[in-house]
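Report on the structure
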Amino acid sequence: MKYIHRNIQKKIDKFLYDDDILILTGARQTGKSSLLKYYFDTLKAKDFSTVYISLEDIDYLNILNSSPKNLLQFVSLSTKKKVFVFIDEIQYLNNPTNFLKYIYDEYKDRIKLFVSGSSAFYIDSKFKDSLAGRKKIFILNTLSFSEFLKFKNEDKLKQEFDKIDLKQKDLSIFNIIDQKKINILKNEYMQYGGYPRVVLENDIEKKLLIIHELANSYVKKDALESNINYIDKFYMLFQLLANNIGKLINKNELSKILNVSTTVIDNYLTIIKKSFHIFMIDPFYNNLSKEIRKMKKVYFNDLGLRNFFVKNFDIIDTRIDKGEIYENFVYKQLIELYNYDSIKFWHTQSKNEVDFIIDNKIAYEVKYNTDLFKYSKYKNFFEKYPKIQFYVITQTQNLNTSDVKFVKF
């Protein structure tokens, strides 16, 4: 099957020929192995010296676990050309830090390492050294909507979509036919998500089977490999989070519902986050100490996985949770446009809220229907932060008023 390029490759390409170790991580089944093999095949075709090792092969794993020096059994340093070594599933090594550090320190002029690891919590627990100054980390998420369009063979729509600036223009720039087409595709993306296998499967029943497999096999595998004792509680936490996307996460309430300690909840949330299933964003406050103490909001990396946990794959327009789904969809777009840490939300004790604040400069409120936006609810925010540009992102229509800019997206 023809390889389909991912957006992250533009970032990777900048460091491909440097000495730094390239570490590719992300949730399971997001395409890491395919991307690694693409670079291996591409460089090999360009006559670079290349080696590919999968540590799912127990023989390779045992050899490299015995000593990092054993890598030289597979790498020829007989010429002056640098060898590109690709290692899939690096977290299976007993001590991946020691391995990478040794090869880098001894052979960085001769060996370029490009490795993948399934989940960040493996890297956190096994990478005891920070590898500071030696590595570049890239996170491969499930498909963004831009990538989704490409996987659907809609290259022209993707090119136009990628030009959208949420501060200046919106989906209204498309002609009527393309607007209808992109809305159909948006609804599919919000229903079934962006796992590559799911997107490439056209049969609905098969799509649902794949999502079921991802949820039951890989989520539970994350739990088992992180030594969780109560997998049923871990699974139930997924369900609770899925029913509360875009809402404040109260750890005390979660601990009572699941009948576990808040320490356990903290541990579970860390694992789910480090496995790249959810994003948790911080509140926006001028007082940093307040910001640290306040509750976070949660969004899912993949809406198909989220919809599995709420047991609902109905068409978005017919659903009572369409507003939450749409907000999660917009958040997925924002992390493509902005740095993850720069996205926050505003929430007061009187329950006034703005969905997203970017770099203390731009505010986005998300409303599925423009009718749901009430100017009076945001008056306090406008008065407190007059210099922050405010936009309302809406699914149904776009309006311009003297007070607020509405963006159809």
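Placed above this text is the structure.
Now for a quick tour of the structure. Nothing here was measured: the structure is a model prediction, and the numbers come from that model.

Further remarks concern the overall build of the protein. Looking only at helices and strands, the protein features 17 helices and twelve strands. At 23 Å, the protein has a C-alpha radius of gyration in line with the 22 Å of a compact globule built from 409 residues. Restricting to contacts in the protein with at least 6 residues of sequence separation, those with at least 24 account for 70%. Approximately 19700 Å² of the protein is accessible, and the part contributed by carbon and sulfur atoms is 48%. Mean positive and mean negative side-chain charge positions of the protein (65 and 51 charges, respectively) differ by 3 Å.

Of the voids in this model, the second largest pocket is the one considered here, and its volume is about 660 Å³. Forming the walls of the second largest pocket are 28 residues, and the residues nearest its centre are Thr30, Gly31, Lys32, Ser33 and Ser34. Those elements that place two or more of their residues in the lining of the second largest pocket are α2 (32-45), α9 (196-200) and α10 (204-225). In terms of residues, the lining of the second largest pocket owes the most to one element, α2, which gives six residues. For the lining of the second largest pocket, the residue count by class is eleven nonpolar, seven polar and ten charged.

With that settled, consider the pairing of strand β8 (residues 343-347). Buried residues dominate β8, accounting for five of its five residues. Burial of β8 is two-sided: the residues Ile343, Phe345 and His347 facing one way and the residues Lys344 and Trp346 facing the other way are all buried. The sheet contact formed by β8 and strand β9 (residues 353-358) spans four bridges and is antiparallel. The residue of β9 that forms the bridge with Ile343 is Ile358. Connecting the antiparallel pair β8 and β9 is a turn made up of five residues, with Lys351 showing a positive phi of about 70°.

Once that is clear, we can look at empty space enclosed by the protein. Within this structure, the stated rule accounts for one cavity of 30 Å³ or more. Estimates place the volume of the largest cavity at around 30 Å³. Take the lining of the largest cavity: its biggest share by element is three residues, from α10. Considered class by class, the residues forming the lining of the largest cavity number five nonpolar, one polar and one charged.

Calculation criteria
Residues numbered from 1 in each chain as written. Predicted model: local features only at pLDDT ≥ 70, side-chain atom pairs only at ≥ 80, totals over all residues. Heavy atoms only, no water. Helix = DSSP H or I, 4+ residues; strand = E, 2+ residues; numbered from the N terminus. Rg over C-alpha atoms; globule rule 2.2 N^0.38 Å. Contact = heavy atoms within 4.5 Å. Areas by Shrake-Rupley, 256 points an atom, 1.4 Å probe, with all protein chains shown as cover. Lys, Arg positive; Asp, Glu negative; His and termini not counted. Charge placed at Lys NZ, Arg CZ, Asp CG, Glu CD. 1 Å grid on protein atoms, 1.4 Å probe; cavity = no way out; pocket = protein on both sides within 12 Å on 5 of 7 lines; lining within 4 Å. Points joined across faces, edges and corners; volume = space filled by probe spheres on them. Nonpolar A, V, L, I, M, F, W, Y, C, P; charged D, E, K, R; others polar. Buried < 20%, exposed > 50% of the residue type's maximum accessible area, 1.4 Å probe, protein only. Pairing = 2+ DSSP bridges.

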